[in-house]
There are 2 protein chains.
Amino acid sequence: MDYQSFLISRSSTKTDLFIGNNLFKEVEEFTKKYSQIVCVIDQHVFELYNKSIFAFLNWPILVITQGEDAKSFSTVEQIIQFLMNLNCCKNSALLAIGGGAILDVTGFVSSIYMRGIASIYIPTTLLAMVDAAIGGKTAIDHKKAKNILGTIYNPRAIFIDFDFLKTLSENQILQGKAEMFKLGLVYNQALYSIFQNNQLDFSAAIQAIFGKFSIVQKDPEDLSLRRSLNFGHTIGHALESLSDFTLSHGEAVIIGCLTEAYLSYHLKLLPFQDFQKIKNEVAKLKLSLPENYSLDECLKALSFDKKRIGNQIRLVLIEKLGKVASFEGQYTREISVEDLKIALKWMENFYGFKN
Amino acid sequence: MDYQSFLISRSSTKTDLFIGNNLFKEVEEFTKKYSQIVCVIDQHVFELYNKSIFAFLNWPILVITQGEDAKSFSTVEQIIQFLMNLNCCKNSALLAIGGGAILDVTGFVSSIYMRGIASIYIPTTLLAMVDAAIGGKTAIDHKKAKNILGTIYNPRAIFIDFDFLKTLSENQILQGKAEMFKLGLVYNQALYSIFQNNQLDFSAAIQAIFGKFSIVQKDPEDLSLRRSLNFGHTIGHALESLSDFTLSHGEAVIIGCLTEAYLSYHLKLLPFQDFQKIKNEVAKLKLSLPENYSLDECLKALSFDKKRIGNQIRLVLIEKLGKVASFEGQYTREISVEDLKIALKWMENFYGFKN
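Parameters at a glance
Residues numbered from 1 in each chain as written. Chains lettered and ligands numbered in written order. Predicted model: local features only at pLDDT ≥ 70, side-chain atom pairs only at ≥ 80, totals over all residues. Heavy atoms only, no water. Helix = DSSP H or I, 4+ residues; strand = E, 2+ residues; numbered from the N terminus. Buried < 20%, exposed > 50% of the residue type's maximum accessible area, 1.4 Å probe, protein only. Pairing = 2+ DSSP bridges. Axes fitted to C-alpha atoms, helices over the stretch in contact; angles between N-to-C directions. Contact = heavy atoms within 4.5 Å. Phe/Tyr/Trp six-rings, centres within 6.5 Å; stacked < 30°, edge-to-face > 60°. Lys NZ or Arg CZ within 6 Å of the ring centre and 35° of its normal. Buried area = accessible area lost by both parts, 1.4 Å probe. 1 Å grid on protein atoms, 1.4 Å probe; cavity = no way out; pocket = protein on both sides within 12 Å on 5 of 7 lines; lining within 4 Å. Points joined across faces, edges and corners; volume = space filled by probe spheres on them. Nonpolar A, V, L, I, M, F, W, Y, C, P; charged D, E, K, R; others polar.

**Student:** I tried to follow unusual backbone geometry on my own but got confused; where do I start?
**Tutor:** With the exception of glycine, the majority of residues adopt a negative phi angle, and the majority of peptide bonds are in the trans configuration. Within the chain, A:Glu328 stands out as a residue other than glycine whose phi angle is a positive 50°. Examined against the element boundaries, A:Glu328 turns out to sit in the loop between β12 (323–324) and β13 (333–334). The exposure class of A:Glu328 is exposed, given its relative accessible area of 83%. Positioned with a positive phi, B:Lys268 is a non-glycine residue whose angle comes to about 65°. Inspection of the secondary structure puts B:Lys268 in the loop between α9 (249–266) and α10 (272–283). The class of B:Lys268 is exposed, set by a relative accessible area of 75%.

Structure representation (structure tokens):
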């Protein structure tokens, strides 16, 4: 037998990040290098900005129904058909304009069409600006499994245009703040105190964006440090999923962060004063557990989590406000079902939930 | 406006290559590191080896109908459903056993399931051993567009087990020889003289495998040198596609290599003696153009080629037997429709084709 091992280095990707207001001139300038631009736009965004912006763009536009439903094989096929009809080649670029779902599905198609064409993101929600747009994770859902399929594929440029925030609802702002709050807990405590009012501090948003970039640059393929960004998301996803998505992602993540912070305290990693600060911050919001919540359903949902290895349930924990806990270079730790139950029961009690 | 550019380095992949006979013990040893192994097997291979090999494997097996039809969204969904039913996680591995189509589609699913799980390839045809298994290109077709979707994603291990070649037909051996012949023309002239008889020289196969690895290691993302592997494939794909796949891929590639070699000679890049050697080698085979061939259909098929930039048709050319031509660091060159027509007419004449 002949045996040989080959190391194959993958090339780097350069992502240009533009932050400001009214960036459409910069978008036009940047896109000149591509032989063809194809826009994929969220329907709601298209209706809001059709007269003011999109009427002046000369690019083919595919309008996609908004929301999580967009992240399906059928949208993937729809975008691919659109690209094929336009005879798009390796030097074409896909421009995604919308929230996280539109970015996720358009990025996914960019990563697989002709084994990868350029993508450019214009996130229009705060959540997409501070989260989905950064780090190259693309995703689609299959059956009920959220983000079960995807790639890691960075866009060539991201345009964070704060003008789009003017048309967002309070709840949409909260969705973005939930991820900024999480970044505050694992990475930069300056970001955690965010629920005082409904306003958005733009400098905090910029800090969150640079903070997430800094983490994903250190671990683009999500093998170690980047997993710390899953803080709050293991329990958060379980709650969101069992609620049949009546609980928003942001609300679920905030409750998840609080409960995983409690677990960190319970496991003697997080000092009590830090946990108190986190609890007091979350208490500023009026949240509640989904009506159809039950401990058993929640544990069942947790056992489907993507971060598990075999049958273990693994969670990210924090060791102080603004600092993720590391376990011999790993950023997740196996959690026993007993400890999980203790944390979930504390959560039930905090939200006055009675079975 | 705030502007910043982020360079995101992607990690390297290590691919272990095993070459020999009866490698199933090595496969079992290698796979121990994964929490779960799921096999995707070509139906024909499964039927041939069910009693001798697969009866002893304790892994879940998904049998896929062989051939190009396997490379579809519906197979992708079938494999994903299988993985989900088995509750596969990030530490599971997909083991593909079959020809290029099975490797391509299984590799594609590996690259997108949970944003990437390990894949292991056991190619069972000579073509898959010297071509599809090496270099990480995964692919599926959509509508009539061959390989229009895919990723670049290297398997963790490749087991080249020559025992599988015993059950191959002469035509299947020819499919592999076609790619070895191409490697001979662009990279290593020791490989070009291959059509003397129906036998296979194993040492030539090993040279071809190492040759392809050497090229893809220098350019894993197919941005420059690797494109030289498309030699013969631009015209080859066009012929294969217009024949409605009655012409096999290998036959089409051989005719493509000959015609693109003629074009290289016509453009004063390739010396006449080298072209003569190539022509004499191909003349050892009894090939003919597809019945429904016409110059117009062929030019139309060429205009859909994936390597084109905008509306240009670009081809790989050779400057001597065993050496690809480079144009200021580029390995493709724009070809005028006039020159293409001259080459295609030469090809028609060589094969005695009459309209």
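Text resumes after the structure shown.
**Student:** Can you walk me through the sheet that holds strand β3 (residues 36–42) of chain B in this structure?
**Tutor:** The strands making up a sheet associate through hydrogen bonds between their backbones, and the pairing can be parallel or antiparallel. Ordered in space as β1(A)-β2(B)-β9(B)-β6(B)-β5(B)-β3(B)-β4(B), the 7 strands form an open sheet in which the pairing is mixed. Bordering the open sheet on either side are β1 (2–8) of chain A together with β4 (61–64) of chain B, each of which pairs with just one other strand. Taken pair by pair, the neighbouring strands of this sheet meet at an average axis angle of 15°, ignoring direction. Both strand β2 (residues 13–20) of chain B and strand β9 (residues 157–161) of chain B contribute to a ladder of 5 bridges, which runs parallel. Across the sheet, B:Phe18 pairs through a bridge with B:Phe159, a residue of β9(B). Here helix α1 (residues 24–31) of chain B sits on the sheet in contact with β2, β3, β5 (92–98), β6 (118–123) and β9 of chain B, set at roughly 170° to β9(B). Contacts from helix α7 (residues 202–218) of chain B reach β1 of chain A together with β2 and β9 of chain B, with the element oriented near 15° to β1(A).

**Student:** Just checking my understanding: could you explain the packing of aromatic side chains for this structure?
**Tutor:** Both the distance between ring centres and the angle between the ring planes are used here to describe each pair of aromatic rings. Summed over the entire model, instances satisfying the criterion amount to 39 aromatic pairs over all chains. Between the aromatic rings of B:Phe162 and B:Phe202, the centroid separation amounts to 4.7 Å while the plane-to-plane angle is 55°, which identifies the pairing as tilted. In this pair, B:Phe162 is assigned in the loop between β9 and α6 (170–186) and B:Phe202 in helix α7, connecting sequence segments 40 residues apart. It is A:Lys33 that lies over the ring of A:Phe30; its NZ or CZ is 4.0 Å from the centre.

**Student:** Sorry, what's going on with the sheet that holds strand β9 (residues 157–161) of chain A here?
**Tutor:** Across the sheet, which stays open at both edges, the 7 strands sit in the order β4(A)-β3(A)-β5(A)-β6(A)-β9(A)-β2(A)-β1(B) with mixed pairing between neighbours. Only two strands of the sheet have a single partner each, and these edge strands are β4 (61–64) of chain A together with β1 (2–8) of chain B. Going from strand to strand, the sheet's axes swing by 15° on average, the running direction of each strand aside. Examined bridge by bridge, strand β3 (residues 36–42) of chain A and strand β5 (residues 92–98) of chain A share 6 bridges and lie parallel to one another. Within β5(A), the position partnered with A:Ile41 by the bridge is A:Ile97. Those strands touched by helix α3 (residues 73–85) of chain A are β3, β4 and β5 of chain A, and its axis lies near 170° from that of β4(A). Of the strands in this sheet, β3, β4, β5 and β6 (118–123) of chain A are in contact with helix α4 (residues 100–112) of chain A, which crosses β5(A) at around 165°.

**Student:** Quick question: what am I supposed to make of the interface of chain A and chain B here?
**Tutor:** Frequently, the measure chosen for interface size is the accessible area removed from exposure when the parts meet. Facing 64 residues of chain A, the contacting portion of chain B comprises 64 residues. Here chain A and chain B share an interface that buries about 6400 Å² over both sides, 58% of which is from carbon and sulfur atoms. Sorting the residues of chain A by area buried against chain B places A:Phe6, A:Arg10 and A:Arg115 first, and these three jointly supply 14% of that buried surface. With 8 residues, strand β2 (residues 13–20) of chain A is the single largest residue contributor to the side of chain A that touches chain B.

**Student:** Would you take a moment to explain the layout of surface pockets for this structure?
**Tutor:** A water-sized probe rolled over the atoms picks out the places where empty space is left. Residue and element names in this part refer to chain A. Of the voids in this model, the second largest pocket is the one considered here, and its volume is about 230 Å³. What lines the second largest pocket is a set of 15 residues, among which Glu-170, Leu-174, Asn-197, Asn-198 and Leu-285 lie closest to the centre. For the lining of the second largest pocket, the element with the most residues is helix α6 (residues 170–186), which contributes 5 residues. When the residues that make up the lining of the second largest pocket are grouped by side-chain class, the tally is 6 nonpolar, 4 polar and 5 charged.

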